[in-house]
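# A closer look at the structure
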Amino acid sequence: MSGPSHDHSLYRERDLVPVRRALVSVSDKSGLLELAGALAAAGVEIVSTGSTAATIRDAGHDVTDVASVTGFAEALDGRVKTLHPAVHAGLLADLRLEHHEAQLAELGIAAFDLVVVNLYPFRQTVASGAPALDVVEQIDIGGPAMVRASAKNHANVAIVVSPERYGEIAEAVAAGGTTLAQRQRLAVEAFRHTAGYDVAVASWLGNVVAPDDKGTGFPGWVGGTWDRAQSLRYGENSHQAAALYATPEGRGIAQSVQLHGKEMSYNNYVDADAAVRAAYDFDEPAVAIIKHANPCGIAIAGPGASDPIASAHERAHACDPVSAFGGVIAANRTVTRAMAETVSGIFTEVLIAPAFEAEAVEVLTRKKNIRLLTLPEGFQPTVLEQKQVSGGLLLQQADREFAPFSSWTLAAGEPADDALAAELEFAWRACRAVKSNAILLASGGASVGVGMGQVNRVDSCRLAVERAGERASGSVAASDAFFPFADGPQILFDAGVRAVVQPGGSVRDEEVVAAAKAAGVTMYLTGERHFFH
Ligand SMILES: NC(=O)c1ncn([C@@H]2O[C@H](COP(=O)(O)O)[C@@H](O)[C@H]2O)c1NC=O
(Lines give C-alpha, C1' and ligand atoms only; values in the text may rest on other atoms or scores of the structure.)
Protein backbone atom coordinates (compact mmCIF):
# COMPACT_ATOMS: atom_id res chain seq x y z
CA MET A 1 0.00 0.00 0.00
CA SER A 2 1.50 3.34 -1.00
CA GLY A 3 -1.03 5.78 0.55
CA PRO A 4 -1.11 6.57 4.27
CA SER A 5 -2.74 3.97 6.46
CA HIS A 6 -3.99 3.96 10.01
CA ASP A 7 -4.55 1.36 12.61
CA HIS A 8 -8.21 0.43 12.07
CA SER A 9 -8.81 0.28 15.82
CA LEU A 10 -8.24 4.05 16.01
CA TYR A 11 -11.42 4.89 14.12
CA ARG A 12 -14.41 5.99 16.16
CA GLU A 13 -17.95 5.37 14.89
CA ARG A 14 -19.73 8.31 13.22
CA ASP A 15 -23.19 7.98 11.81
CA LEU A 16 -25.31 11.05 12.44
CA VAL A 17 -23.25 14.19 11.78
CA PRO A 18 -24.95 17.36 13.02
CA VAL A 19 -24.52 20.24 10.58
CA ARG A 20 -22.91 23.23 12.27
CA ARG A 21 -20.71 24.65 9.54
CA ALA A 22 -21.35 24.63 5.78
CA LEU A 23 -19.25 25.69 2.83
CA VAL A 24 -21.39 26.95 -0.04
CA SER A 25 -19.92 27.86 -3.44
CA VAL A 26 -22.24 27.51 -6.40
CA SER A 27 -22.26 28.61 -9.97
CA ASP A 28 -25.90 27.66 -10.50
CA LYS A 29 -27.73 29.72 -7.90
CA SER A 30 -31.13 28.04 -8.32
CA GLY A 31 -32.65 27.04 -5.00
CA LEU A 32 -29.74 28.69 -3.16
CA LEU A 33 -31.81 31.11 -1.11
CA GLU A 34 -34.23 28.44 0.10
CA LEU A 35 -31.29 26.30 1.19
CA ALA A 36 -29.47 29.23 2.80
CA GLY A 37 -32.69 30.11 4.63
CA ALA A 38 -33.00 26.57 5.97
CA LEU A 39 -29.35 26.52 7.06
CA ALA A 40 -29.65 29.93 8.72
CA ALA A 41 -32.83 28.88 10.52
CA ALA A 42 -30.98 25.86 11.93
CA GLY A 43 -28.14 28.10 13.17
CA VAL A 44 -25.60 26.72 10.69
CA GLU A 45 -22.56 28.93 10.00
CA ILE A 46 -22.39 29.51 6.22
CA VAL A 47 -18.97 30.10 4.69
CA SER A 48 -19.13 31.17 1.08
CA THR A 49 -17.33 32.54 -1.99
CA GLY A 50 -17.73 35.79 -3.99
CA SER A 51 -21.08 36.02 -5.71
CA THR A 52 -22.57 33.10 -3.75
CA ALA A 53 -21.87 34.98 -0.51
CA ALA A 54 -23.25 38.21 -1.96
CA THR A 55 -26.49 36.48 -3.01
CA ILE A 56 -26.97 34.96 0.45
CA ARG A 57 -26.11 38.22 2.21
CA ASP A 58 -28.47 40.22 -0.02
CA ALA A 59 -31.27 37.93 1.11
CA GLY A 60 -30.55 39.00 4.70
CA HIS A 61 -28.70 35.93 5.99
CA ASP A 62 -25.39 35.96 7.85
CA VAL A 63 -22.50 34.65 5.81
CA THR A 64 -18.75 34.35 6.40
CA ASP A 65 -16.56 35.24 3.42
CA VAL A 66 -14.13 32.48 2.57
CA ALA A 67 -11.38 35.12 2.41
CA SER A 68 -11.78 35.71 6.13
CA VAL A 69 -11.27 31.95 6.70
CA THR A 70 -8.19 31.74 4.47
CA GLY A 71 -6.84 35.18 5.34
CA PHE A 72 -6.24 35.46 1.64
CA ALA A 73 -8.34 37.53 -0.77
CA GLU A 74 -9.65 35.83 -3.91
CA ALA A 75 -6.79 36.09 -6.42
CA LEU A 76 -6.06 35.78 -10.13
CA ASP A 77 -9.58 36.63 -11.32
CA GLY A 78 -11.09 33.94 -9.11
CA ARG A 79 -8.69 31.19 -10.14
CA VAL A 80 -7.73 30.94 -6.47
CA LYS A 81 -10.52 31.32 -3.92
CA THR A 82 -10.94 28.18 -1.87
CA LEU A 83 -7.65 26.44 -2.69
CA HIS A 84 -6.18 26.90 0.78
CA PRO A 85 -5.28 24.62 3.71
CA ALA A 86 -7.70 26.53 5.97
CA VAL A 87 -10.48 25.28 3.69
CA HIS A 88 -9.12 21.90 2.66
CA ALA A 89 -8.03 20.80 6.12
CA GLY A 90 -11.59 21.62 7.22
CA LEU A 91 -12.89 19.38 4.43
CA LEU A 92 -10.46 16.51 4.84
CA ALA A 93 -10.10 16.15 8.61
CA ASP A 94 -11.34 12.72 9.58
CA LEU A 95 -12.98 13.39 12.90
CA ARG A 96 -13.25 9.67 13.59
CA LEU A 97 -9.53 9.94 14.37
CA GLU A 98 -8.55 11.65 17.57
CA HIS A 99 -5.23 12.89 16.20
CA HIS A 100 -6.96 14.59 13.24
CA GLU A 101 -9.28 16.35 15.63
CA ALA A 102 -6.32 17.44 17.77
CA GLN A 103 -4.28 18.60 14.79
CA LEU A 104 -7.17 20.62 13.42
CA ALA A 105 -7.56 22.33 16.82
CA GLU A 106 -3.83 23.04 16.93
CA LEU A 107 -4.04 24.63 13.48
CA GLY A 108 -7.04 26.67 14.56
CA ILE A 109 -9.11 25.33 11.68
CA ALA A 110 -12.81 24.46 11.99
CA ALA A 111 -14.23 21.41 10.20
CA PHE A 112 -17.03 21.58 7.66
CA ASP A 113 -19.99 19.22 8.02
CA LEU A 114 -21.73 20.15 4.79
CA VAL A 115 -20.37 21.28 1.42
CA VAL A 116 -22.61 22.59 -1.34
CA VAL A 117 -20.81 23.11 -4.63
CA ASN A 118 -21.74 23.09 -8.26
CA LEU A 119 -19.23 23.73 -10.98
CA TYR A 120 -18.61 26.36 -13.64
CA PRO A 121 -20.87 25.62 -16.63
CA PHE A 122 -18.12 24.14 -18.78
CA ARG A 123 -20.32 22.08 -21.15
CA GLN A 124 -22.75 24.95 -21.71
CA THR A 125 -19.85 27.31 -22.51
CA VAL A 126 -18.47 24.87 -25.09
CA ALA A 127 -21.96 24.43 -26.58
CA SER A 128 -22.39 28.21 -26.84
CA GLY A 129 -19.46 28.32 -29.27
CA ALA A 130 -17.43 30.60 -26.98
CA PRO A 131 -13.76 31.16 -27.91
CA ALA A 132 -11.19 28.81 -26.37
CA LEU A 133 -9.91 31.52 -24.03
CA ASP A 134 -13.36 31.78 -22.40
CA VAL A 135 -13.86 28.02 -22.36
CA VAL A 136 -10.58 27.53 -20.49
CA GLU A 137 -11.72 30.02 -17.84
CA GLN A 138 -14.77 27.82 -17.31
CA ILE A 139 -12.65 24.84 -16.29
CA ASP A 140 -13.45 24.75 -12.60
CA ILE A 141 -10.48 23.80 -10.44
CA GLY A 142 -11.34 24.87 -6.91
CA GLY A 143 -14.87 23.42 -7.15
CA PRO A 144 -13.88 19.85 -8.09
CA ALA A 145 -11.10 19.97 -5.48
CA MET A 146 -13.69 20.70 -2.77
CA VAL A 147 -16.14 18.16 -4.16
CA ARG A 148 -13.54 15.39 -4.29
CA ALA A 149 -12.12 16.23 -0.86
CA SER A 150 -15.56 16.18 0.79
CA ALA A 151 -16.62 13.05 -1.08
CA LYS A 152 -13.46 11.25 0.05
CA ASN A 153 -14.25 12.40 3.58
CA HIS A 154 -17.90 11.28 3.44
CA ALA A 155 -17.47 9.68 6.87
CA ASN A 156 -17.63 13.25 8.17
CA VAL A 157 -18.87 15.55 5.41
CA ALA A 158 -22.06 15.64 3.34
CA ILE A 159 -21.33 16.82 -0.20
CA VAL A 160 -24.12 18.21 -2.35
CA VAL A 161 -23.55 18.86 -6.05
CA SER A 162 -27.10 19.28 -7.30
CA PRO A 163 -29.92 21.69 -6.34
CA GLU A 164 -32.19 18.63 -6.57
CA ARG A 165 -30.79 17.52 -3.21
CA TYR A 166 -31.38 20.80 -1.36
CA GLY A 167 -34.79 19.75 -0.01
CA GLU A 168 -33.46 16.49 1.39
CA ILE A 169 -30.48 18.27 2.98
CA ALA A 170 -32.62 20.99 4.55
CA GLU A 171 -34.76 18.25 6.10
CA ALA A 172 -31.72 16.36 7.40
CA VAL A 173 -30.22 19.52 8.91
CA ALA A 174 -33.47 20.31 10.71
CA ALA A 175 -33.80 16.69 11.89
CA GLY A 176 -30.41 16.65 13.60
CA GLY A 177 -27.88 15.87 10.89
CA THR A 178 -26.88 13.69 7.95
CA THR A 179 -26.58 9.93 8.22
CA LEU A 180 -23.62 7.90 7.01
CA ALA A 181 -25.78 6.15 4.42
CA GLN A 182 -26.92 9.52 3.11
CA ARG A 183 -23.36 10.88 2.96
CA GLN A 184 -22.16 7.75 1.15
CA ARG A 185 -24.91 8.16 -1.44
CA LEU A 186 -24.02 11.84 -1.89
CA ALA A 187 -20.32 10.95 -2.26
CA VAL A 188 -21.15 8.53 -5.09
CA GLU A 189 -23.10 11.29 -6.82
CA ALA A 190 -20.23 13.73 -6.24
CA PHE A 191 -17.50 11.57 -7.78
CA ARG A 192 -19.77 10.74 -10.73
CA HIS A 193 -20.33 14.49 -11.15
CA THR A 194 -16.61 15.34 -11.25
CA ALA A 195 -15.84 12.29 -13.42
CA GLY A 196 -18.39 13.47 -15.99
CA TYR A 197 -16.99 16.99 -15.79
CA ASP A 198 -13.45 15.75 -16.39
CA VAL A 199 -14.59 13.64 -19.34
CA ALA A 200 -16.10 16.78 -20.88
CA VAL A 201 -12.90 18.78 -20.30
CA ALA A 202 -10.59 16.01 -21.56
CA SER A 203 -12.76 15.48 -24.64
CA TRP A 204 -12.81 19.17 -25.52
CA LEU A 205 -9.06 19.51 -25.06
CA GLY A 206 -8.30 16.38 -27.10
CA ASN A 207 -10.88 17.08 -29.80
CA VAL A 208 -10.69 20.85 -30.19
CA VAL A 209 -7.60 22.38 -28.63
CA ALA A 210 -4.97 19.77 -29.41
CA PRO A 211 -6.62 17.18 -31.63
CA ASP A 212 -4.67 13.94 -31.68
CA ASP A 213 -6.84 12.19 -34.25
CA LYS A 214 -4.00 12.11 -36.78
CA GLY A 215 -6.48 13.25 -39.43
CA THR A 216 -8.85 10.32 -38.86
CA GLY A 217 -11.55 12.28 -37.03
CA PHE A 218 -11.19 9.79 -34.17
CA PRO A 219 -9.38 11.04 -31.06
CA GLY A 220 -6.69 9.15 -29.20
CA TRP A 221 -9.03 8.71 -26.26
CA VAL A 222 -12.78 8.46 -25.90
CA GLY A 223 -14.63 8.98 -22.64
CA GLY A 224 -18.29 8.93 -21.83
CA THR A 225 -20.70 8.73 -18.95
CA TRP A 226 -24.15 7.18 -18.86
CA ASP A 227 -26.75 7.16 -16.12
CA ARG A 228 -29.04 4.22 -15.54
CA ALA A 229 -32.37 5.34 -16.96
CA GLN A 230 -34.26 2.11 -16.40
CA SER A 231 -33.61 -1.36 -15.13
CA LEU A 232 -35.22 -3.79 -17.55
CA ARG A 233 -37.03 -7.00 -16.68
CA TYR A 234 -34.47 -8.91 -18.73
CA GLY A 235 -32.28 -8.63 -21.80
CA GLU A 236 -32.59 -10.22 -25.20
CA ASN A 237 -33.70 -13.43 -23.44
CA SER A 238 -35.25 -13.93 -20.03
CA HIS A 239 -32.07 -15.36 -18.47
CA GLN A 240 -30.08 -12.21 -19.39
CA ALA A 241 -30.18 -9.29 -16.94
CA ALA A 242 -30.29 -5.85 -18.58
CA ALA A 243 -30.67 -2.12 -18.02
CA LEU A 244 -30.98 1.01 -20.13
CA TYR A 245 -28.40 3.78 -19.68
CA ALA A 246 -28.77 7.29 -21.01
CA THR A 247 -26.15 9.86 -21.78
CA PRO A 248 -26.80 13.27 -20.16
CA GLU A 249 -26.68 15.19 -23.46
CA GLY A 250 -28.68 12.62 -25.46
CA ARG A 251 -31.93 13.37 -27.23
CA GLY A 252 -32.90 9.99 -28.62
CA ILE A 253 -34.73 6.80 -27.84
CA ALA A 254 -33.22 6.65 -24.34
CA GLN A 255 -34.78 10.04 -23.55
CA SER A 256 -38.21 9.22 -25.01
CA VAL A 257 -41.23 9.45 -22.74
CA GLN A 258 -43.61 6.54 -22.41
CA LEU A 259 -47.24 7.63 -22.46
CA HIS A 260 -48.88 4.26 -22.11
CA GLY A 261 -48.40 0.53 -21.89
CA LYS A 262 -46.27 -2.05 -20.19
CA GLU A 263 -42.63 -1.38 -19.39
CA MET A 264 -40.36 -1.27 -22.45
CA SER A 265 -38.21 -4.36 -22.88
CA TYR A 266 -34.64 -4.63 -24.11
CA ASN A 267 -35.82 -5.87 -27.52
CA ASN A 268 -38.43 -3.11 -27.68
CA TYR A 269 -35.66 -0.52 -27.32
CA VAL A 270 -33.51 -2.18 -29.99
CA ASP A 271 -36.43 -2.34 -32.42
CA ALA A 272 -37.67 1.16 -31.58
CA ASP A 273 -34.20 2.48 -32.37
CA ALA A 274 -34.16 0.69 -35.72
CA ALA A 275 -37.69 1.91 -36.48
CA VAL A 276 -36.86 5.53 -35.71
CA ARG A 277 -33.61 5.31 -37.66
CA ALA A 278 -35.58 4.12 -40.71
CA ALA A 279 -38.51 6.54 -40.45
CA TYR A 280 -36.31 9.56 -39.73
CA ASP A 281 -34.18 8.85 -42.78
CA PHE A 282 -37.00 10.45 -44.78
CA ASP A 283 -37.94 14.13 -44.92
CA GLU A 284 -41.43 13.22 -46.14
CA PRO A 285 -44.01 11.79 -43.72
CA ALA A 286 -42.81 8.19 -43.29
CA VAL A 287 -43.53 5.09 -41.24
CA ALA A 288 -41.33 2.06 -40.59
CA ILE A 289 -42.54 -1.19 -39.07
CA ILE A 290 -39.79 -3.27 -37.49
CA LYS A 291 -39.50 -6.88 -36.39
CA HIS A 292 -36.22 -8.21 -35.00
CA ALA A 293 -34.43 -5.01 -36.05
CA ASN A 294 -35.51 -5.42 -39.69
CA PRO A 295 -38.24 -3.55 -41.52
CA CYS A 296 -41.27 -5.53 -42.65
CA GLY A 297 -42.64 -2.33 -44.14
CA ILE A 298 -41.45 1.19 -44.91
CA ALA A 299 -43.48 3.79 -46.75
CA ILE A 300 -43.91 7.47 -47.32
CA ALA A 301 -47.38 9.03 -47.71
CA GLY A 302 -49.22 8.31 -50.93
CA PRO A 303 -49.55 11.18 -53.42
CA GLY A 304 -52.17 13.72 -52.33
CA ALA A 305 -53.05 11.80 -49.17
CA SER A 306 -55.39 13.82 -46.92
CA ASP A 307 -53.77 12.34 -43.80
CA PRO A 308 -50.14 11.77 -44.86
CA ILE A 309 -48.92 9.86 -41.81
CA ALA A 310 -51.97 7.59 -41.75
CA SER A 311 -51.38 6.93 -45.45
CA ALA A 312 -47.70 6.13 -44.85
CA HIS A 313 -48.67 3.67 -42.14
CA GLU A 314 -51.32 1.92 -44.21
CA ARG A 315 -48.87 1.52 -47.08
CA ALA A 316 -46.06 0.30 -44.81
CA HIS A 317 -48.40 -2.21 -43.19
CA ALA A 318 -49.60 -3.49 -46.57
CA CYS A 319 -46.03 -4.55 -47.43
CA ASP A 320 -46.16 -7.59 -45.14
CA PRO A 321 -49.19 -7.69 -42.84
CA VAL A 322 -48.25 -11.17 -41.57
CA SER A 323 -44.87 -10.04 -40.28
CA ALA A 324 -46.21 -6.69 -39.00
CA PHE A 325 -48.08 -8.63 -36.27
CA GLY A 326 -46.35 -7.71 -32.99
CA GLY A 327 -44.23 -5.09 -34.73
CA VAL A 328 -42.62 -1.90 -33.53
CA ILE A 329 -43.80 1.15 -35.48
CA ALA A 330 -42.08 4.52 -35.82
CA ALA A 331 -43.66 7.56 -37.45
CA ASN A 332 -41.71 10.72 -38.23
CA ARG A 333 -44.81 12.93 -37.84
CA THR A 334 -47.52 13.38 -35.20
CA VAL A 335 -49.73 10.30 -34.98
CA THR A 336 -53.23 11.27 -36.07
CA ARG A 337 -56.51 9.79 -34.96
CA ALA A 338 -56.87 8.04 -38.33
CA MET A 339 -53.49 6.37 -38.00
CA ALA A 340 -54.29 5.45 -34.38
CA GLU A 341 -57.52 3.80 -35.45
CA THR A 342 -55.73 1.60 -37.98
CA VAL A 343 -52.92 0.73 -35.56
CA SER A 344 -55.40 -0.16 -32.83
CA GLY A 345 -56.73 -2.94 -35.03
CA ILE A 346 -53.28 -4.53 -35.38
CA PHE A 347 -51.38 -6.21 -32.55
CA THR A 348 -48.46 -3.79 -32.07
CA GLU A 349 -45.74 -3.86 -29.41
CA VAL A 350 -44.57 -0.23 -29.60
CA LEU A 351 -45.59 2.94 -31.43
CA ILE A 352 -43.06 5.76 -31.25
CA ALA A 353 -43.49 9.20 -32.76
CA PRO A 354 -42.56 12.84 -32.17
CA ALA A 355 -46.10 13.49 -30.86
CA PHE A 356 -49.64 12.13 -30.73
CA GLU A 357 -52.90 13.96 -31.32
CA ALA A 358 -54.98 13.86 -28.11
CA GLU A 359 -57.64 11.83 -29.93
CA ALA A 360 -54.99 9.38 -31.11
CA VAL A 361 -53.93 8.82 -27.50
CA GLU A 362 -57.55 8.29 -26.54
CA VAL A 363 -57.97 5.63 -29.22
CA LEU A 364 -54.68 3.86 -28.55
CA THR A 365 -54.84 3.81 -24.75
CA ARG A 366 -57.92 1.61 -25.01
CA LYS A 367 -55.39 -1.07 -25.99
CA LYS A 368 -53.75 -2.39 -22.83
CA ASN A 369 -50.68 -3.89 -24.43
CA ILE A 370 -49.42 -1.27 -26.86
CA ARG A 371 -46.56 0.92 -25.61
CA LEU A 372 -46.76 4.55 -26.76
CA LEU A 373 -43.59 6.61 -26.72
CA THR A 374 -42.89 10.21 -27.69
CA LEU A 375 -39.42 11.17 -28.80
CA PRO A 376 -37.76 14.04 -26.96
CA GLU A 377 -38.08 17.49 -28.47
CA GLY A 378 -35.24 18.14 -30.89
CA PHE A 379 -34.74 14.38 -31.41
CA GLN A 380 -31.24 13.68 -32.65
CA PRO A 381 -30.44 10.44 -34.42
CA THR A 382 -27.16 8.74 -33.58
CA VAL A 383 -24.30 10.37 -35.48
CA LEU A 384 -21.47 8.29 -34.08
CA GLU A 385 -22.20 4.58 -33.72
CA GLN A 386 -20.47 2.43 -31.14
CA LYS A 387 -20.34 -1.34 -31.21
CA GLN A 388 -18.76 -3.34 -28.47
CA VAL A 389 -16.36 -6.12 -29.43
CA SER A 390 -14.59 -8.31 -26.90
CA GLY A 391 -12.00 -6.13 -25.23
CA GLY A 392 -12.87 -3.01 -27.17
CA LEU A 393 -15.19 -0.73 -29.01
CA LEU A 394 -15.73 0.00 -32.68
CA LEU A 395 -16.69 3.55 -33.58
CA GLN A 396 -18.01 4.73 -36.89
CA GLN A 397 -19.93 7.63 -38.33
CA ALA A 398 -23.58 6.67 -38.77
CA ASP A 399 -24.63 5.97 -42.37
CA ARG A 400 -26.07 9.42 -43.10
CA GLU A 401 -24.51 10.11 -46.54
CA PHE A 402 -26.92 9.59 -49.38
CA ALA A 403 -26.07 9.81 -53.07
CA PRO A 404 -29.05 11.41 -54.85
CA PHE A 405 -30.40 10.19 -58.17
CA SER A 406 -28.63 13.03 -59.99
CA SER A 407 -25.26 11.48 -59.07
CA TRP A 408 -26.06 7.96 -60.29
CA THR A 409 -24.82 6.36 -63.51
CA LEU A 410 -27.18 4.74 -65.95
CA ALA A 411 -25.70 1.30 -66.73
CA ALA A 412 -28.57 -0.36 -68.62
CA GLY A 413 -31.98 0.32 -70.13
CA GLU A 414 -33.97 3.48 -70.67
CA PRO A 415 -33.17 6.51 -68.48
CA ALA A 416 -35.67 7.00 -65.66
CA ASP A 417 -38.24 9.77 -65.92
CA ASP A 418 -38.97 11.86 -62.81
CA ALA A 419 -41.53 9.42 -61.47
CA LEU A 420 -39.27 6.41 -61.84
CA ALA A 421 -36.31 8.36 -60.42
CA ALA A 422 -38.38 9.14 -57.30
CA GLU A 423 -39.34 5.47 -56.97
CA LEU A 424 -35.73 4.39 -57.21
CA GLU A 425 -34.58 7.01 -54.71
CA PHE A 426 -37.20 5.82 -52.24
CA ALA A 427 -36.09 2.19 -52.66
CA TRP A 428 -32.43 3.13 -52.32
CA ARG A 429 -33.08 5.02 -49.08
CA ALA A 430 -35.41 2.40 -47.61
CA CYS A 431 -32.94 -0.35 -48.43
CA ARG A 432 -30.37 1.00 -46.00
CA ALA A 433 -32.74 0.28 -43.11
CA VAL A 434 -32.55 -3.43 -43.99
CA LYS A 435 -29.89 -5.72 -42.55
CA SER A 436 -27.42 -6.99 -45.14
CA ASN A 437 -27.62 -8.69 -47.55
CA ALA A 438 -30.56 -6.47 -48.36
CA ILE A 439 -32.85 -6.43 -51.38
CA LEU A 440 -35.88 -4.19 -51.22
CA LEU A 441 -38.67 -4.05 -53.80
CA ALA A 442 -40.79 -0.92 -53.81
CA SER A 443 -43.70 0.51 -55.66
CA GLY A 444 -45.01 4.07 -55.49
CA GLY A 445 -42.95 5.00 -52.40
CA ALA A 446 -43.77 1.89 -50.38
CA SER A 447 -41.83 -1.30 -49.88
CA VAL A 448 -43.61 -4.35 -51.31
CA GLY A 449 -41.05 -7.08 -50.65
CA VAL A 450 -37.98 -7.22 -48.43
CA GLY A 451 -35.20 -9.80 -48.47
CA MET A 452 -33.04 -9.24 -45.40
CA GLY A 453 -30.15 -10.61 -43.46
CA GLN A 454 -29.24 -13.43 -45.84
CA VAL A 455 -25.69 -14.70 -46.21
CA ASN A 456 -25.92 -14.54 -49.99
CA ARG A 457 -27.62 -12.03 -52.25
CA VAL A 458 -29.45 -14.65 -54.34
CA ASP A 459 -31.48 -15.73 -51.32
CA SER A 460 -32.26 -12.08 -50.51
CA CYS A 461 -33.54 -11.61 -54.07
CA ARG A 462 -35.66 -14.78 -53.80
CA LEU A 463 -37.08 -13.70 -50.45
CA ALA A 464 -37.92 -10.17 -51.64
CA VAL A 465 -39.65 -11.49 -54.77
CA GLU A 466 -41.51 -14.17 -52.82
CA ARG A 467 -42.74 -11.66 -50.25
CA ALA A 468 -43.81 -9.20 -52.96
CA GLY A 469 -45.76 -11.89 -54.87
CA GLU A 470 -47.65 -10.33 -57.75
CA ARG A 471 -46.48 -6.89 -56.67
CA ALA A 472 -42.94 -7.71 -57.83
CA SER A 473 -44.06 -7.14 -61.39
CA GLY A 474 -43.59 -3.47 -62.26
CA SER A 475 -41.78 -2.71 -58.98
CA VAL A 476 -38.29 -1.26 -58.59
CA ALA A 477 -35.49 -2.95 -56.64
CA ALA A 478 -32.59 -1.71 -54.53
CA SER A 479 -29.60 -3.76 -53.45
CA ASP A 480 -27.47 -2.50 -50.54
CA ALA A 481 -24.26 -3.78 -52.18
CA PHE A 482 -23.16 -4.85 -55.64
CA PHE A 483 -24.33 -8.09 -57.25
CA PRO A 484 -21.35 -10.46 -57.40
CA PHE A 485 -23.05 -12.53 -60.11
CA ALA A 486 -25.98 -12.11 -62.48
CA ASP A 487 -27.96 -14.91 -60.75
CA GLY A 488 -29.52 -12.61 -58.10
CA PRO A 489 -30.66 -9.85 -60.43
CA GLN A 490 -31.97 -12.45 -62.88
CA ILE A 491 -34.47 -13.53 -60.20
CA LEU A 492 -35.61 -9.90 -60.00
CA PHE A 493 -35.87 -9.52 -63.79
CA ASP A 494 -37.81 -12.80 -64.10
CA ALA A 495 -40.29 -11.52 -61.50
CA GLY A 496 -40.96 -8.40 -63.60
CA VAL A 497 -38.90 -5.80 -61.73
CA ARG A 498 -38.61 -2.85 -64.12
CA ALA A 499 -35.65 -0.93 -62.66
CA VAL A 500 -32.81 -1.69 -60.28
CA VAL A 501 -30.48 0.53 -58.28
CA GLN A 502 -27.28 -0.88 -56.81
CA PRO A 503 -23.78 0.42 -56.00
CA GLY A 504 -21.90 -1.41 -58.78
CA GLY A 505 -18.22 -2.18 -58.42
CA SER A 506 -18.25 -5.97 -58.77
CA VAL A 507 -15.61 -7.59 -60.97
CA ARG A 508 -18.59 -9.08 -62.81
CA ASP A 509 -20.47 -5.79 -63.26
CA GLU A 510 -20.36 -6.32 -67.01
CA GLU A 511 -22.14 -9.66 -66.68
CA VAL A 512 -24.78 -8.12 -64.37
CA VAL A 513 -25.32 -5.13 -66.66
CA ALA A 514 -25.55 -7.39 -69.71
CA ALA A 515 -28.28 -9.41 -67.97
CA ALA A 516 -30.19 -6.18 -67.24
CA LYS A 517 -29.83 -5.08 -70.86
CA ALA A 518 -31.01 -8.47 -72.11
CA ALA A 519 -34.06 -8.21 -69.85
CA GLY A 520 -34.74 -4.62 -70.96
CA VAL A 521 -34.45 -3.44 -67.34
CA THR A 522 -33.15 -0.02 -66.32
CA MET A 523 -30.17 -0.27 -64.00
CA TYR A 524 -28.47 2.56 -62.13
CA LEU A 525 -25.16 2.41 -60.26
CA THR A 526 -24.76 4.68 -57.23
CA GLY A 527 -21.08 4.09 -56.43
CA GLU A 528 -22.10 4.02 -52.75
CA ARG A 529 -22.73 0.95 -50.59
CA HIS A 530 -25.10 0.75 -47.62
CA PHE A 531 -24.22 -2.36 -45.62
CA PHE A 532 -26.07 -2.51 -42.30
CA HIS A 533 -25.30 -5.18 -39.73
N1 LIG B 1 -10.50 28.60 -7.67
C2 LIG B 1 -11.12 28.34 -6.58
O3 LIG B 1 -10.51 28.33 -5.53
C4 LIG B 1 -12.56 28.10 -6.59
N5 LIG B 1 -13.26 27.78 -5.52
C6 LIG B 1 -14.56 27.64 -5.87
N7 LIG B 1 -14.69 27.83 -7.20
C8 LIG B 1 -15.93 27.79 -7.99
O9 LIG B 1 -16.51 29.08 -7.95
C10 LIG B 1 -17.90 29.00 -8.16
C11 LIG B 1 -18.61 29.93 -7.22
O12 LIG B 1 -18.04 31.19 -7.25
P13 LIG B 1 -18.89 32.47 -6.83
O14 LIG B 1 -19.41 32.18 -5.49
O15 LIG B 1 -17.91 33.59 -6.88
O16 LIG B 1 -19.98 32.59 -7.87
C17 LIG B 1 -18.29 27.56 -7.96
O18 LIG B 1 -18.72 27.04 -9.21
C19 LIG B 1 -17.01 26.89 -7.49
O20 LIG B 1 -16.91 25.58 -8.00
C21 LIG B 1 -13.46 28.11 -7.68
N22 LIG B 1 -13.22 28.42 -8.98
C23 LIG B 1 -12.53 27.79 -9.90
O24 LIG B 1 -11.63 27.10 -9.98
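Remember, it's a predicted structure, so these values are computed and weren't measured experimentally.

Scanning the protein for helices and strands turns up 19 helices and 21 strands. A compact globule built from 533 residues should have a C-alpha radius of gyration of about 24 Å, whereas the protein, at 31 Å, is more than 25% larger. With the principal axes as the frame, the protein shows a C-alpha extent of 100 × 55 × 45 Å. In the protein, which comprises 533 residues, the proportion classed as buried is 46%.

Turning our attention to empty space enclosed by the protein. Rolled over the atoms, a probe sized like a water molecule indicates the empty space that remains. All told, the structure shown has 1 cavity of 30 Å³ or more when counted by the stated rule. Estimated volume of the largest cavity: approximately 30 Å³. The wall of the largest cavity is formed by P295, C296, C319, D320, V448, G449, V450, M452 and R467. Where the lining of the largest cavity is concerned, the elements lending two or more residues are β10 (294–300) and β18 (447–451). Considering every element that reaches the lining of the largest cavity, the biggest residue donor is β18, with 3 residues. The residue makeup of the lining of the largest cavity, split by class, is 6 nonpolar, 1 polar and 2 charged.

This brings us to the site of the ligand. As a matter of local geometry, the ligand sits amid 23 residues, with S51, T52, R79, T82 and D140 nearest to it. A distance of 2.4 Å separates an oxygen atom of the ligand from a polar atom in the side chain of T52. Its free accessible area being 530 Å², the ligand has 94% of it covered by the protein chains. Across the shell around the ligand, the residue classes break down as 8 nonpolar, 11 polar and 4 charged.

The next thing to look at is the confidence of the model for the protein. Taken residue by residue, the protein gives an average pLDDT of 96. The fraction at 70 or more is 99%. Among the prediction metrics, the complex's ipTM stands at 0.88, with pTM recorded as 0.90.

Let us now look at the nonpolar core. A general trend in soluble globular proteins is that nonpolar side chains are found buried together. Core analysis: the largest hydrophobic core is formed by 50 residues, its most contacted members being I298, L424 and L440. Among the elements that take part in this core, helix α16 (residues 418–431) stands out by supplying 8 residues, more than any other. Setting aside chain neighbours within four positions, we find L440 in contact with A427, A430, C431, V434, S447, G449, V450, V476, A477 and A478. In this structure, A468, V497, V500 and V512 belong to the second largest nonpolar core, which totals 26 residues.

Per the counting criterion, the structure on display carries 8 aromatic pairs. Three or more aromatic residues joined by ring pairs make a cluster, and in this case those are F122, Y197 and W204. Across the ring face of F402, the terminal group of R429 is positioned such that the distance to the ring centre comes to 3.8 Å. The cationic tip of K435 hangs over the ring face of F532; the distance from NZ or CZ to the ring centre is 4.7 Å.

Rules used in this analysis
Residues numbered from 1 in each chain as written. Predicted model: local features only at pLDDT ≥ 70, side-chain atom pairs only at ≥ 80, totals over all residues. Heavy atoms only, no water. Helix = DSSP H or I, 4+ residues; strand = E, 2+ residues; numbered from the N terminus. Rg over C-alpha atoms; globule rule 2.2 N^0.38 Å. Buried < 20%, exposed > 50% of the residue type's maximum accessible area, 1.4 Å probe, protein only. 1 Å grid on protein atoms, 1.4 Å probe; cavity = no way out; pocket = protein on both sides within 12 Å on 5 of 7 lines; lining within 4 Å. Points joined across faces, edges and corners; volume = space filled by probe spheres on them. Nonpolar A, V, L, I, M, F, W, Y, C, P; charged D, E, K, R; others polar. Near = heavy atom within 4 Å. Polar contact = N/O pair within 3.5 Å; in protein donor to acceptor, adjacent residues only side chain to side chain. Areas by Shrake-Rupley, 256 points an atom, 1.4 Å probe, with all protein chains shown as cover. pLDDT = per-residue confidence, 0-100. Core = buried A, V, L, I, M, F, W, Y, C linked by side-chain atoms within 4.5 Å. Contact = heavy atoms within 4.5 Å. Phe/Tyr/Trp six-rings, centres within 6.5 Å; stacked < 30°, edge-to-face > 60°. Lys NZ or Arg CZ within 6 Å of the ring centre and 35° of its normal.

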